[in-house]
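An overview of the molecular structure
Residues per chain, in single letters:
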Amino acid sequence: MAAILFVCLGNICRSPTAEAVFRKRARDAGLDLRIESAGTGGWHRGEPPDPRARSAGETRGYNFEGQEARRVESNDFAVFDLVLAMDQRNFRDLQAVCPADSLEKINLFLDFAPHLTVSEVPDPYYGGTGGFDHVLDLVEAASDGLIAKLKHQPNKG
Ligand code: 4NP
């Protein structure tokens, strides 16, 4: 079974959204995957997803039950096949703590949606509620791109 870790800064807005969206869409696509999320920072450890992220996601039918923020740990680079960063800062922070032989596991999540004009999922934490819908739009597009790729690599699904 392939294992995928979504990573943002706080693990309360973007990566929990990616986890919820990807879990539903992968399941709907018939993929059996291990899916988790984590943050490069640990300030929100143990907290549930931000209520604004949860509300925006639940409106679109995604389930955030059981999610609890945690920090990326060194073992993640052994356990997960793909470690997907929401923005360039997350990408660089992950590279800085990743063993050399696992560096290729780290990708920008939006690399799986090359048709988009942006390459980063912007941090919605300090913005208005519209930011959370924008996060969902980007995450849904990249989820579908990644799922299409995984379906063409049966050993990874
Ligand atoms: P996230 O958003 O990285 O998408 O979870 C943030 C959440 C909290 C903070 C920053 C970004 N913070 O500084 O506490």
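Presented here is an overview of the structure given in this document. (Residues numbered from 1 in each chain as written. Predicted model: local features only at pLDDT ≥ 70, side-chain atom pairs only at ≥ 80, totals over all residues. Heavy atoms only, no water.)

1. Here we look at the packing of aromatic side chains
For any pair of aromatic rings, geometry is given as the distance between the ring centres together with the angle between the planes. For the structure shown, the criterion picks out three aromatic pairs. Each ring, one from Phe-6 and one from Phe-22, has its centre 5.4 Å from the other, and the planes form 65 degrees; the classification is edge-to-face. On the criterion of sequence distance, the pair formed by Phe-6 in strand β1 (residues 3-8) and Phe-22 in helix α1 (residues 14-28) is long-range, its members being 16 residues apart. Phe-6 gets classed as buried once you look at its relative accessible area, which sits at 0%. Here Phe-22 falls in the buried class, since its relative accessible area comes to 0%. A centroid spacing of 4.9 Å and a plane angle of 65 degrees characterise the contact between Phe-6 and Phe-109, whose relative ring orientation is edge-to-face. Here Phe-6, found in strand β1, pairs with Phe-109, found in the loop between β4 (106-108) and α5 (130-151); they are 103 residues apart in sequence, far enough to count as distant. (Phe/Tyr/Trp six-rings, centres within 6.5 Å; stacked < 30°, edge-to-face > 60°. Helix = DSSP H or I, 4+ residues; strand = E, 2+ residues; numbered from the N terminus. Buried < 20%, exposed > 50% of the residue type's maximum accessible area, 1.4 Å probe, protein only.)

2. Focus on the site of the ligand
Every residue lining the ligand is accounted for by Cys-8, Leu-9, Gly-10, Asn-11, Ile-12, Cys-13, Arg-14, His-44, Asp-123, Tyr-125 and Tyr-126. Take Arg-14: an N or O atom from its side chain is 2.8 Å from an oxygen atom of the ligand. Contact with the protein chains removes 91% of the 350 Å² of surface that the ligand exposes when unbound. Tallied by class, residues from the shell around the ligand come to six nonpolar, three polar and two charged. (Near = heavy atom within 4 Å. Polar contact = N/O pair within 3.5 Å; in protein donor to acceptor, adjacent residues only side chain to side chain. Areas by Shrake-Rupley, 256 points an atom, 1.4 Å probe, with all protein chains shown as cover. Nonpolar A, V, L, I, M, F, W, Y, C, P; charged D, E, K, R; others polar.)

3. Here's the deal with the nonpolar core
Within the largest apolar cluster, 38 residues are counted, with the highest numbers of intra-cluster contacts made by Ile-4, Phe-6, Phe-22, Leu-33, Leu-84, Phe-109 and Leu-146. Elements that contribute at least two residues to this core include exactly β1, α1, α2 (51-59), β3 (82-85) and α5. Of the residues forming this core, the biggest block, ten residues, is contributed by α5. Beyond its immediate sequence surroundings of up to four residues, Phe-6 is in contact with Ser-15, Ala-18, Glu-19, Phe-22, Ile-35, Glu-36, Ser-37, Ala-38, Leu-84, Met-86 and Phe-109. (Core = buried A, V, L, I, M, F, W, Y, C linked by side-chain atoms within 4.5 Å. Contact = heavy atoms within 4.5 Å.)

4. Structural notes on the sheet that holds strand β2 (residues 34-39)
On the basis of which strands lie adjacent, the open sheet formed by four strands has the order β2-β1-β3-β4 and parallel pairing. Each edge of the open sheet is held by one strand with a lone partner, namely β2 and β4. For this sheet, the mean angle separating the axes of adjacent strands, direction not counted, is 25 degrees. Two elements, β1 and β2, share six bridges in a ladder whose sense is parallel. By the bridge assignment, Ala-3 is partnered in β2 with Arg-34. (Pairing = 2+ DSSP bridges. Axes fitted to C-alpha atoms, helices over the stretch in contact; angles between N-to-C directions.)

5. Looking at the packing of α1 against α5
For any two helices packed against each other, the geometry comes down to the angle between their axes and how far apart the axes lie. Their axes nearest at 9 Å, the elements α1 and α5 cross at an angle of 45 degrees. Between α1 and α5, the angle is such that the two are oblique. α1 and α5 meet at a crossing whose hand is right-handed. Facing α1, whose interface residues are Arg-14, Thr-17, Ala-18, Val-21, Phe-22, Arg-25 and Ala-26, α5 presents Val-135, Leu-136, Val-139, Glu-140, Ser-143, Asp-144, Leu-146, Ile-147 and Leu-150. Grouping the amino acids of the contact of α1 with α5 by side-chain chemistry returns ten nonpolar, two polar and four charged. (Parallel < 35°, antiparallel > 145°, perpendicular 65-115°, else oblique. Left-handed = near helix turned anticlockwise from the far one by under 90°.)

Just geometry here; none of it tells us what the structure is for.
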